[in-house]
There are 6 protein chains.
Amino acid sequence: MGSHDPIWRSSRNPIIPRDATPTSNGVFNSAAVPFGTGFAGVFRCDDRHRRMRLHTGFSGDGVSWQVKPEPIFFEIPDPQIEKPEYGYDPRVCRLDGRYYVTWCTGFHGPAIGLAVTDDFARFEMIENALLPYNRNGVLFPRRIGGKAMMLSRPSDNGHTPFGDIFLSQSDDLVHWGKHRHVMAGIQPWESTKIGAGPVPIETTEGWLLLYHGVLTSCSGYVYHAGVALLDLEQPWKVRRRAAAYILSPHETYERMGDVPNVVFPCAAIADPATGRIAVYYGAADTVTCLGFTTVEALFGHMEAFPS
Amino acid sequence: MGSHDPIWRSSRNPIIPRDATPTSNGVFNSAAVPFGTGFAGVFRCDDRHRRMRLHTGFSGDGVSWQVKPEPIFFEIPDPQIEKPEYGYDPRVCRLDGRYYVTWCTGFHGPAIGLAVTDDFARFEMIENALLPYNRNGVLFPRRIGGKAMMLSRPSDNGHTPFGDIFLSQSDDLVHWGKHRHVMAGIQPWESTKIGAGPVPIETTEGWLLLYHGVLTSCSGYVYHAGVALLDLEQPWKVRRRAAAYILSPHETYERMGDVPNVVFPCAAIADPATGRIAVYYGAADTVTCLGFTTVEALFGHMEAFPS
Amino acid sequence: MGSHDPIWRSSRNPIIPRDATPTSNGVFNSAAVPFGTGFAGVFRCDDRHRRMRLHTGFSGDGVSWQVKPEPIFFEIPDPQIEKPEYGYDPRVCRLDGRYYVTWCTGFHGPAIGLAVTDDFARFEMIENALLPYNRNGVLFPRRIGGKAMMLSRPSDNGHTPFGDIFLSQSDDLVHWGKHRHVMAGIQPWESTKIGAGPVPIETTEGWLLLYHGVLTSCSGYVYHAGVALLDLEQPWKVRRRAAAYILSPHETYERMGDVPNVVFPCAAIADPATGRIAVYYGAADTVTCLGFTTVEALFGHMEAFPS
Amino acid sequence: MGSHDPIWRSSRNPIIPRDATPTSNGVFNSAAVPFGTGFAGVFRCDDRHRRMRLHTGFSGDGVSWQVKPEPIFFEIPDPQIEKPEYGYDPRVCRLDGRYYVTWCTGFHGPAIGLAVTDDFARFEMIENALLPYNRNGVLFPRRIGGKAMMLSRPSDNGHTPFGDIFLSQSDDLVHWGKHRHVMAGIQPWESTKIGAGPVPIETTEGWLLLYHGVLTSCSGYVYHAGVALLDLEQPWKVRRRAAAYILSPHETYERMGDVPNVVFPCAAIADPATGRIAVYYGAADTVTCLGFTTVEALFGHMEAFPS
Amino acid sequence: MGSHDPIWRSSRNPIIPRDATPTSNGVFNSAAVPFGTGFAGVFRCDDRHRRMRLHTGFSGDGVSWQVKPEPIFFEIPDPQIEKPEYGYDPRVCRLDGRYYVTWCTGFHGPAIGLAVTDDFARFEMIENALLPYNRNGVLFPRRIGGKAMMLSRPSDNGHTPFGDIFLSQSDDLVHWGKHRHVMAGIQPWESTKIGAGPVPIETTEGWLLLYHGVLTSCSGYVYHAGVALLDLEQPWKVRRRAAAYILSPHETYERMGDVPNVVFPCAAIADPATGRIAVYYGAADTVTCLGFTTVEALFGHMEAFPS
Amino acid sequence: MGSHDPIWRSSRNPIIPRDATPTSNGVFNSAAVPFGTGFAGVFRCDDRHRRMRLHTGFSGDGVSWQVKPEPIFFEIPDPQIEKPEYGYDPRVCRLDGRYYVTWCTGFHGPAIGLAVTDDFARFEMIENALLPYNRNGVLFPRRIGGKAMMLSRPSDNGHTPFGDIFLSQSDDLVHWGKHRHVMAGIQPWESTKIGAGPVPIETTEGWLLLYHGVLTSCSGYVYHAGVALLDLEQPWKVRRRAAAYILSPHETYERMGDVPNVVFPCAAIADPATGRIAVYYGAADTVTCLGFTTVEALFGHMEAFPS
């Protein structure tokens, strides 16, 4: 199953069940990074109020995870900054030697929240990076031309039926500008909207961007994953892009859940030496899964299905 | 699975299959009561025209049911009363020594039908209690301050995207008034609409109300069940309410069916001596299921998740 | 202009301007009755917050009106009755020797409010007659078979795109039941929805019901007025009905205003001796107008355009 | 399971998996006909761009199929005919000794494409038979009164929420006229829209038409199959019609897939000697399935559930 | 006013008032042709049921019109042809020596009706030319390559929010095929949809096509008129097209009426000797107006505003 | 007329007609500032393609204007900045000694464009200040705490049915952050959405903000104007706000036009010595108008109608 796709699934999927914490309704669309001798992550744990909350989690091997039962407490240094009404779909990016969390935050509508941690214990909120209505804010793991760079997907205030990926630039991670349009959906699988997934992976040929793309069927949205290659120095320029998706909902845990037919990658851990990549993705808005690929497989896919 | 919830599922679920009668497409959202030495019930049996019909059923143990192959014939005493165009989502309430059936009836739009039986063989239609567009009419099992009381959820004429629970009062079960607003959806799991479920269960501290709450995902509605406690004497006043749901679609028979991701409780049989409660609920608009809880567990849940 | 219609417009139209009170944005969809030696009325005065409010007004000749600058204060005898969130589209009916006001009231959605006055100075709120979502509640001016009778138009919570006229019955004006379907839109001019207008006018052949009917153009709703004859004893039975409207927006004050293309009759004063009828109607949701017709003209119209 | 329905499923279902070709995302809603000593077919193979494409396939026994990895190339004889933007939901009809393919073609909107082949290797496009927006074009297998006849379902340009079956007539398969309305949805299972399925099957009493019917739930469309009997000489006249569906989504492969709850018949191979009929249907817009019935069973069903 | 546009309005506008017949609510979107020593026409006369009806009318000078009070009676030679449910937006085309009327006809949805007359007294219905859902069927005034040609605008069943102009061809005016896409909306004023207006006017350089184009504002549709030049021999090919509209609602009678902001041309009478053109257009879906232009002015406009 | 409102209209309204330039369809929603010995402005001139374009204009007295026939050419210093696809609803703000233009610009959706000029002849585009989808970007006329400040109204990509006013801060006018929520619609007249109007006017008590508020009727949007007072140092804090609008569409030129019932202020010229304010506002998306008020009148209004 899925053998034609350049991502192969972990046989231990879903690696994190729906009820990994005492109060969770689902654990999905979550982000993991290497941390210390193991891994740490920020997890979307919708609780049984169906409130969207962010939790930390830790793992020795990246597969077995302990998710904290309590949501992250964000310290807010400036009283003018409002407390997030909710948080979902986090990404974690190591940048300038610290760990930055971006997420979809409740700020009179969905917006891009930004916080920083060094230890996954204490999180300090920086300003919301971008105005509502926006989702899927993703940082690059190093400055480019001295600038921090963030991808995002401007939206509306509901189940947005449109959306392209844009890039914004910043010196101080507080003020953002020099906005660039990166790409729009082209193929049917991404025709409703697209959004950046994991933190881009640097290769000698460019930034590998995994992203999600949505198709609207007569029964709702279907979420797939795709891949593109962004220019190393001007990462708003798309150098290559696969016309065919790299992952689509096939397994029961991807097809059946609180939202059927969703695969939603939020993190990728790459081993530069071997080119191996582990992709963390949410399935059916209910559980967290793991898939494997390689830089070579992704480039092969982009060549096989040029856009 | 589901071990964090205060309701545990029968291992014999679904207790009534889709095709329990020769013509049924599904049997769900149905109501059971103690009757004679066993149990009787009114069942929603959509047929293979997908017409919504009400049937009776009988059981010795409350788990194995014989559903009658023919729909209920409602005798209509007054020729000014129109014959129901359809009937669905019934509730049965023992009141003033008789069995009253309320259901969503086709009266130029969905409205609250009301009929009475003594033997589950002969049913006499009283007047439609409330004008369209309304659904989820539920009687209280005794008069309060001399008044019969009915909960309902005013609606529109389609898949209504809003809805609160109201209460209406009557002396004669024909004329209703002194309408009171009871409660609206607060938490995300109930943010689209809510509706009363089984006939309220009397406790010394108030009326236990199980109800359904709907969340709108990008693939449609998700139906959960929740619990609240209404004032004993002024039952339009909410005394307690759990912020977390008590039941959510997790099992395959709740997630996959004619309408995915639905649990919809319509009846509860309580044993006052022990506080044990059996909850009958429809799953995926396809089959009938059974869950178990206790008064104590529900109060514990309301305390653990105060609203 | 309009000479083919059985209603002819007052040359003094609009008889009440938009800014008849110091705070009003518009004065329209209002109800007048004979009172003392002149006339009294309840007026919809949207203020410059665009809040919908009810005011009283008085007139010697029924054409020149003094509208009170302050909204009506409704006394509420029972603390369980909630204060109306807003009020609009009033009707006034003399019944059992008193003046009853029905209106669309804000009760967690639009519902039918009911209050009583003897002097148009002190108004006492009775219970809301009907649950939301409902509009255009209109009483009959005498009991029929001992019952008070009310027409209404069940709705949804927005600019409802559907709606039929129903009838409900009551002994005590508090509890309502024996609901009957009266009529639905048939012709294109009333194809979106219909709603009762003035208090029905008794004739020897039946109750003359003026009502509004809505057509949906590609630029929104167009409101017309029509006429039907209801059975004297079973007024939910339609005895005659004109297929052609009796009034349609033609004049600039009906075509241009806060809502273009609206004529909306809310009151009719009939002189039984002569059969002359004065019709008060709102125009363009902005001003109040007056039209004239006769019982004979309306019967002639129903004969000329049988439905 | 499903034992009450007049169609029984192949135990080898799904007979064609999702990934039957190296690039396919799904293989479904496809048409098979006897060809040579075996069977040939035209298959809807959505690729992993989720583009909708038509492929040929061949089988010895009608159950095991080899689907060609490359889409059909349509030769276009007249340069004024535009190349199809896409193709889906094909039917194949043997008429006048040749094989005609009809399908939903991309012609500035969905329209009815028409092509002819003798060998399932070379396909020549005739003109698009009908203007957009139209779907489900189905030919009759012989001329009637000298005319070729085609059923179709006029639509809009999206997930059309309405639709009846019409019939059009032609002498030359290029120009079509004498359009007739055949039937609209009547029962709840077909209340949203209906569309012709396989090429009609001739019987002495009329043309057996299998068709699909759609119901709109709060989670999207549910596709069922039904049966009607059309007049032999005036096939736009419905002689009989079953009120109950003949097939509805019950199996996991019908309930779970890229579009849940879809059964969509596109071909039927009848053995006139025995009356046995094999029905090819797409399931969940993902896989191809096989069901069995008989002429007798279908007539029995129409008698048991008269419309 | 409007002096920059290549069409100038008659000072006698509106030339036909709303109530030109005893039963009409509006007279608009109508077609006139030279006939005998004067002019004849087919008029859209919505009556006061707001039913859409076609009437004949006659004029000596083309400006003063007598519209018949009774709708056209269409003789239907073949009992298989259904009687039109309604008729609107007619065009009249002299072709092969007879007068053909095309209109939007009620045939289980809006479709293109076709009838023929020689004397504007007796009209015989030919078959509906095209399936629903279609509007704005317009014939060419001579055969091209031996074929009759018709423009149309495929639609949906409501206030269609999309629509391009297509062309269909016929030998016998009954069967139509060889469908070609002509043009889609490009500029903002025509971005929602476009539709052919009057019968195309032949010039040595091509067919002059006046057409309407619709923009969707936050208060509904705005209808403008534009001009294009179609190839003489392959009239589905657009040779020139003005990017700017030629007429837009400016006058009160175009801005205020049953549908505000509509100009809708349905007929043009050209004098080949002088190049003068009289354009009949409906205004605000209420009245009929006249505008003047010349072939030279239209070509000048296409040059000044190339597309 | 309008005498209760704190804004009185110029008797010369509309001061700029629809066709002020040879190609304009309308001239409205435009911004004027004192410049040299007279006034300069940036005008929204939709042309007769209905394209949205920005033009300059000049006036000696602020009432008679010469609008340039050619749109503004924006010089773009950085080739990474995309050329605006369109421009509308401009504001002009004198800040740091230069004139800054903000407008709704076409950048893969509506976004906030920003350009600078010294002479209203040469305009240089700075970066788009904010990502799509955003409208109504308005600068403050001086730095506050060293920061440039901009109000904006995040939106969706259509006729957005929601919207609050936010504030963003910048050091360099390129990078923006420290986003703050300013206010949402509260009263019915502003219940759909609100957006900042003219550049705020500094008073000793705070910044006077005129803004527009939208109500959705059954025939579309109605645009009103309102007033609030923002904190001098923390201008995202609302110190006072009038519950009643200050201007509403009443005059024919406000009620009838390409979009009926729109008043839309974009500029205000205040005379600090006298407190007199001239307000430029677009009417009916067609013409430009002028109204007069005073600081005193606006404060009086906020006191009379506290929010």
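The sections below set out a description of the structure shown in this document.

About the cut-offs
Residues numbered from 1 in each chain as written. Chains lettered and ligands numbered in written order. Predicted model: local features only at pLDDT ≥ 70, side-chain atom pairs only at ≥ 80, totals over all residues. Heavy atoms only, no water. Helix = DSSP H or I, 4+ residues; strand = E, 2+ residues; numbered from the N terminus. Rg over C-alpha atoms; globule rule 2.2 N^0.38 Å. Buried < 20%, exposed > 50% of the residue type's maximum accessible area, 1.4 Å probe, protein only. Contact = heavy atoms within 4.5 Å. Least-squares fit on C-alpha atoms with pLDDT ≥ 70 in both. Buried area = accessible area lost by both parts, 1.4 Å probe. Salt bridge = Lys/Arg side-chain N within 4 Å of Asp/Glu carboxyl O. Polar contact = N/O pair within 3.5 Å; in protein donor to acceptor, adjacent residues only side chain to side chain. Nonpolar A, V, L, I, M, F, W, Y, C, P; charged D, E, K, R; others polar. Pairing = 2+ DSSP bridges.

### Things to note about the overall build of chain A
Counting its secondary structure elements, chain A contains two helices and 22 strands. Relative to the globule expectation of 19 Å for 307 residues, the C-alpha radius of gyration of chain A, 18 Å, shows essentially globular dimensions. Across the 307 residues of chain A, 70% fall into the buried class. Pairs at least 24 apart in sequence give 51% of the contacts found in chain A among residues at least 6 apart.

### Some thoughts on the relation of the copies chain A and chain F
The two copies are related by a screw operation: chain A maps onto chain F through 180° of rotation and 0.0 Å of translation along the axis, at an RMSD of 0.0 Å. Such a combination of rotation and displacement between the chain copies is what one expects of a two-fold axis. Most of the interface of chain A is mirrored in chain F, where 100% of its interface residues are also at the interface.

### Thoughts on the arrangement of the chains
In this assembly chain A lies apart from chain C, the nearest approach of their C-alpha atoms being 19 Å. At their nearest point, the C-alpha atoms of chain D and chain F are still 19 Å apart, with no contact between the two.

### Some remarks on the interface of chain A and chain F
With 39 residues of chain A at the interface, the matching set in chain F holds 39 residues. Together chain A and chain F conceal approximately 2,900 Å² of surface at their shared face, both sides included; 56% is due to carbon and sulfur atoms. The largest contributions to the chain A side of the interface with chain F come from Gln80, Leu131 and His175 of chain A, which together make up 23% of the buried area. Taken together, the connections running from chain A to chain F amount to four salt bridges. Residue arginine 180 of chain F is joined to glutamate 127 of chain A by a salt bridge in which the shortest nitrogen-to-oxygen separation is 2.8 Å. The tally of links from chain A across to chain F stands at nine residue pairs in polar contact (both at pLDDT 80 or more). Contributing elements (two or more residues each) for the side of chain A that touches chain F: strand S12 (148–154), strand S13 (165–170) and strand S14 (176–183) of chain A. When residues of the side of chain A that touches chain F are assigned to their parent elements, the largest contribution, six residues, is made by S14 of chain A. Tallied by class, the residues present in the side of chain A that touches chain F amount to 13 nonpolar, 16 polar and ten charged. One ladder, built from two bridges, connects S14 of chain A with strand S14 (residues 175–183) of chain F; its direction is antiparallel.

### As for the environment of valine 101 of chain D
Residues and elements named next belong to chain D. With respect to the secondary-structure elements, valine 101 resides in strand S8 (residues 98–106). For valine 101 and alanine 31, which are 70 residues apart along the polypeptide, the C-alpha to C-alpha distance reads 9.1 Å. The residues contacting valine 101, other than those within four sequence positions of it, are Val42, Pro90, Arg91, Val92, Gly113, Leu114, Ala115 and Phe123.

### Some thoughts on the sheet that holds strand S9 (residues 110–117) of chain C
Residues and elements named next belong to chain C. Reading across the sheet, the five strands line up as S6-S10-S9-S8-S7 and stay open at both edges, with mixed pairing between neighbours. What marks the edges here is a single partner per strand, and that holds for strand S6 (74–75) and strand S7 (87–95). By the bridge criterion, three bridges tie S9 to strand S10 (residues 123–125) in an arrangement that is antiparallel. If you follow threonine 117 over to S10, its bridge partner there is phenylalanine 123.

### Some points on the relation of the copies chain D and chain A
One copy of the chain maps onto the other through a rotation about an axis plus a displacement along that axis. Turning chain D through 120° and shifting it by 0.0 Å along the axis lays it on chain A, with an RMSD of 0.0 Å. Given the turn and translation reported, the copies of this chain are related as if by a three-fold rotation axis. Using C-alpha coordinates, one finds that chain D approaches the rotation axis most closely at serine 219 of chain D, a distance of 3.5 Å. When the interface residues of chain D are mapped onto chain A, a mere 10% of them are again interface residues, pointing to distinct binding faces.

### Observations regarding unusual backbone geometry
Cis rather than trans, the peptide bond between asparagine 13 of chain A and proline 14 of chain A has omega equal to -15°. Note that proline 14 of chain A resides in the loop between strand S1 (8–9) and strand S2 (24–35). Geometrically, the link from proline 132 of chain F to tyrosine 133 of chain F is a cis peptide bond, its omega value of 0° lying close to zero. Of note, tyrosine 133 of chain F is situated in the loop between strand S10 (123–125) and strand S11 (134–139). A positive phi angle is found at phenylalanine 120 of chain A, which is not glycine, with a value near 60°. You can see phenylalanine 120 of chain A is positioned in the loop between strand S9 (110–117) and strand S10 (123–125). Although it is not a glycine, lysine 178 of chain F sits at a positive phi angle of roughly 50°. Of note, lysine 178 of chain F is situated in strand S14. With relative accessibility at 23%, the residue lysine 178 of chain F sits in the partly exposed group.

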